[in-house]
Amino acid sequence: MLSGVGIICFAASYAVTLVLEVSRLFFRSGVRGAVMVGFAGAGLLAHSLYLYHRASDAGASFLSSRQDWCLLAAWGLAVAYLGLVWHHPKTSFGVFVLPWVLGLIGAGVLLADRAPFARESTSQWLRAIHGTSILLATVAVLVGFASGLMYLQQAYRLKRKRPPQRGLRLPSLEWLHRTNGRAMGVALLMTGAAIVSGILLNRVNHAARADAVAW
């Protein structure tokens with residue numbers, strides 16, 4: 001059953017969710033919010049099943065290839081989107097977050113290599129720390145970038161004393177500023193962890209006469 005869950009399933013679910021988010025700009029609907037959460041939740045479930053199936057194939061890990069890395073980063077953003085929508089159901093987060101989710105999926109399918117990385121048991125745990133840190137830093141940067149765009153949009157509207165655009169409800173500037181700062185803080189910490197683990201990994205590889213990590 002898991003093998004039948006393809007990338008097209010969750011990509012299409014996220015695409016429909018994005019279309020529903022954009023439709024907020026043009027008309028109101030009493031059931032759209034529930035339908036959006038339903039499609040996003042179904043996409044996240046299919047996405048999770050796909051990653052689980054990939055990880056259980058041939059002893060692979062969640063970060064066994066560049067394609068898996070892109071898809072897992074998209075999964076992290078989708079989780080962040082659902083969490084934001086759950087706490088702020090009337091706010092248009094999807095217009096700013098879902099394009100990045102679809103972009104990462106597209107990059108994973110069209111540009112990234114699906115072939116597994118070479119693994120050495122002596123440095124496997126350092127590789128896991130290094131890859132996971134870069135992944136979390138990427139997700140945090142994209143969350144910060146999306147909140148920054150929303151901040152600029154909100155500040156532009158308030159500076160010109162314009163009423164909120166119909167269907168495009170954004171959080172307060174204080175909330176966006178706080179979220180952006182926290183996201184950048186997480187990104188900085190994760191980038192530091194990735195650099196340190198990369199240095200240690202290169203030292204281990206140098207001692208074992210293995211290939212160094214490409215910076």
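Thresholds, definitions, all that
Residues numbered from 1 in each chain as written. Predicted model: local features only at pLDDT ≥ 70, side-chain atom pairs only at ≥ 80, totals over all residues. Heavy atoms only, no water. Helix = DSSP H or I, 4+ residues; strand = E, 2+ residues; numbered from the N terminus. Contact = heavy atoms within 4.5 Å. Areas by Shrake-Rupley, 256 points an atom, 1.4 Å probe, with all protein chains shown as cover. Expected span 1.5 Å × (residues − 1). Buried < 20%, exposed > 50% of the residue type's maximum accessible area, 1.4 Å probe, protein only. Salt bridge = Lys/Arg side-chain N within 4 Å of Asp/Glu carboxyl O. Phe/Tyr/Trp six-rings, centres within 6.5 Å; stacked < 30°, edge-to-face > 60°. Core = buried A, V, L, I, M, F, W, Y, C linked by side-chain atoms within 4.5 Å. Patch = residues over 30% accessible without salt bridge, like charges linked within 9 Å, V, L, I, M, F, W, Y side chains within 5 Å. Polar contact = N/O pair within 3.5 Å; in protein donor to acceptor, adjacent residues only side chain to side chain.

A word on the overall build of the protein chain
Within the protein chain, the regular secondary structure consists of 6 helices and 0 strands. Each helix and strand of the protein chain, placed in order from N terminus to C terminus, yields the pattern α-α-α-α-α-α. The contacts of the protein chain with a sequence gap of at least 6 include a subset with a gap of at least 24, amounting to 73%. For the protein chain, the accessible surface area stands at approximately 12200 Å², while carbon and sulfur atoms represent 68% of it.

Structural notes on helix H1 (residues 7–23)
Its 17 residues place the ends of H1 24 Å apart at the C-alpha level, agreeing with the 24 Å of an ideal helix rising 1.5 Å per residue. Along H1, the residues that are buried comprise Ile 7, Phe 10, Ala 11, Ser 13, Tyr 14, Thr 17, Leu 18, Leu 20, Glu 21 and Ser 23. The inward-facing, buried residues of H1 contact helix H2 (32–56), helix H3 (66–87) and helix H4 (94–110).

Observations concerning the pattern of salt bridges
For the coordinates displayed, the defined rule picks out 1 salt bridge. Arg 24 is paired through a salt bridge with Glu 21; the nearest N and O atoms lie 3.5 Å apart. This pair shows no difference in class: Arg 24 is buried, exactly as Glu 21 is.

Observations concerning the environment of Ser 65
Mapped onto the elements, Ser 65 comes out in the loop between H2 and H3. Here Ser 65 falls in the buried class, since its relative accessible area comes to 0%. With 43 residues separating them along the chain, Ser 65 and Gly 108 place their C-alpha atoms 9.7 Å apart.

As for unusual backbone geometry
Residue Lys 161 is not a glycine yet carries a positive backbone phi of 55 degrees. Structurally, the position occupied by Lys 161 is in the loop between helix H5 (124–159) and helix H6 (173–207).

Quick look at the packing of aromatic side chains
What characterises a pair of aromatic rings is the spacing of the ring centres plus the angle enclosed by the ring planes. In this structure the tally under the stated criterion is 4 aromatic pairs. Centre to centre, the rings of Trp 100 and Phe 145 are 5.4 Å apart; their planes meet at 90 degrees, and the pair counts as edge-to-face. Residue Trp 100 is found in helix H4, and its partner Phe 145 is found in helix H5; the two are separated by 45 residues along the sequence. Among the residues examined, Trp 100 registers a relative accessible area of 34% and is labelled partly exposed. Given the relative accessible area of 42%, Phe 145 is considered partly exposed.

Quick notes on the nonpolar core
In globular proteins that are soluble, nonpolar side chains generally tend to be buried together. With 37 residues, the main nonpolar core has Phe 10, Tyr 14, Leu 71, Tyr 81, Val 101 and Ile 105 as its most contacted residues. Among the secondary structure elements, those contributing two or more residues to this core are H1, H2, H3, H4, H5 and H6. Here this core takes 9 residues from H3, the largest share from any one element.

A few points about a nonpolar patch on the surface
A cluster of nonpolar residues, Trp 100, Phe 145, Leu 149, Tyr 151 and Leu 152, forms a patch on the protein surface that exposes about 460 Å² of accessible area. The element best represented in the nonpolar patch is H5, accounting for 4 residues. Of note, Leu 152 is situated in helix H5.

Side note on the side chain of Ser 23
Summarising the element assignment, Ser 23 is placed in helix H1. Here Ser 23 falls in the buried class, since its relative accessible area comes to 11%. A distance of 3.1 Å separates the side chain of Ser 23 from the side chain of Arg 32, its partner in a polar contact.

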